[in-house]
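Fold and contact review
Listed here are the chains, written in short residue letters.
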Amino acid sequence: MENLLTSLVNNNISYTKDGNVASYIPELSKTNPSDLGICVVNLDGKEYGAGDFEKNFSIQSISKVISLMLAILDNGQREVFSKVGMEPTGDSFNSIVSLEVKNPHKPFNPMINAGAIATTALIGGNTLEEKIERLLEFTRKITGNDNITYNKDVYLSEKQTGNRNRALAYFMKSNGLIDGDVEEILDLYFRQCSIEGNCRDIARIGAVVANDGIIPWSGERVISREVSRIVKTIMVTCGMYDASGEFAVHIGIPAKSGVGGGILASVPRRMGIGVYGPALDSKGNSIAGIQVLQELSKELDLSIF
Ligand code: GLN
């Protein structure tokens, strides 16, 4: 497996030149565009990595999978999906248009920014600090990594420049889709997006979801089989934003990307995969990361379809 992963990185590293690192969050523009790494975590706990798989990166929208799981654990699926839909959009991840023109006004799904802000608003805790601590603790549990935390510089950078997300959140507040203090909800959202991890960390989350909600290395159940099914389904239909359909056709694996360059993938009952390559395509997905996943999916026949 390690040899296969190494050749996937070598075969696809040239694609990193075709993309650009995210710069709308200024701190993310400091990443090295030619990084590429992959890690596979099997459900028997075996782990394999190649390339820059141990390098930490900003998980960004991959955190939307984590906050969705926690919001459902805290509120139940009925409450969560009364605030956010389950439908893919053909719009970009930070689009505002459908919030106003579609009725009901709730965001289409929890994998786009508006939907994630609505799910993050449902995370339990008495104070902002308690909420972020709960989110971090949950992330530490499903990655098996006690050192998981968020990057302050990335958080502040996003807080300073996140006016688009601010607009989405205030719009949703005006429609009654989020309760509470909007700035506090945004603060929690910005911190969750700035959580750092490496390919192994996100591959482990993928393995928990692939294993129907049971942590492979400890045997502990963290989410029900049903919630794990919901998360995988929403990843397939919405996880790669407006490239989800194409990704499903060519790769066929539930996955969630982030503008930090990570992709978390979860092959039901087989493995979790973490990929990192910060050069992005025009839709905000890792350009070389997608190629690596496509080759791996073909090689190991991973498509669920
Ligand atoms: N923090 C980013 C934002 O809100 C997350 C976007 C992403 O990773 N696609 O814009």
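Everything in this summary refers to the structure shown in the same document. All of these numbers come straight from a predicted model, not from anything done at the bench. (Residues numbered from 1 in each chain as written. Predicted model: local features only at pLDDT ≥ 70, side-chain atom pairs only at ≥ 80, totals over all residues. Heavy atoms only, no water.)

This brings us to the site of the ligand. By nearness alone, 13 residues border the ligand, and Tyr24, Gln60, Ser61, Glu158 and Tyr241 come closest of all. Between an oxygen atom of the ligand and a side-chain N or O atom of Ser61, the distance comes to 2.7 Å. A distance of 2.7 Å separates an oxygen atom of the ligand from a polar side-chain atom of Tyr189. Here the ligand loses 99% of its free accessible area of 300 Å² to cover by the protein chains. (Near = heavy atom within 4 Å. Polar contact = N/O pair within 3.5 Å; in protein donor to acceptor, adjacent residues only side chain to side chain. Areas by Shrake-Rupley, 256 points an atom, 1.4 Å probe, with all protein chains shown as cover.)

All right, on to the pattern of salt bridges then. As enumerated under the stated definition, the model contains 18 salt bridges in all. Among the salt bridges present, the one from Lys30 reaches Glu27, with a minimum N-O distance of 3.0 Å. Its relative accessible area of 63% is what places Lys30 among the exposed residues. When the shortest N-O distance is used, the salt bridge between Glu129 and Arg191 registers 3.2 Å. A residue pair is termed long-range when its members are at least 10 positions apart, and Glu129 in helix α6 (residues 128-143) and Arg191 in helix α9 (residues 182-193) qualify at 62 residues. Residue class for Glu129 comes out partly exposed when judged on its relative accessible area of 47%. Each of Glu47, Glu54, Arg200 and Arg204 takes part in one network of salt bridges that share partners. (Salt bridge = Lys/Arg side-chain N within 4 Å of Asp/Glu carboxyl O. Buried < 20%, exposed > 50% of the residue type's maximum accessible area, 1.4 Å probe, protein only. Helix = DSSP H or I, 4+ residues; strand = E, 2+ residues; numbered from the N terminus.)

This structure, assessed with the given rule, holds five aromatic pairs. Seen from their ring centres, Tyr24 and Phe93 are 6.2 Å apart, and the 40 degrees between their planes marks the pair as tilted. With Tyr24 in the loop between α1 (2-12) and β1 (37-42) and Phe93 in the loop between α3 (77-83) and α4 (97-101), the pair connects residues that are 69 residues apart, well separated along the chain. By relative accessible area, Phe93 is classed as buried at 11%. A connected cluster of aromatic rings, assembled from ring pairs, spans Tyr24, Phe93 and Tyr241. Lying across the ring of Trp217, Arg204 places its NZ or CZ 5.3 Å from the centre. (Phe/Tyr/Trp six-rings, centres within 6.5 Å; stacked < 30°, edge-to-face > 60°. Lys NZ or Arg CZ within 6 Å of the ring centre and 35° of its normal.)

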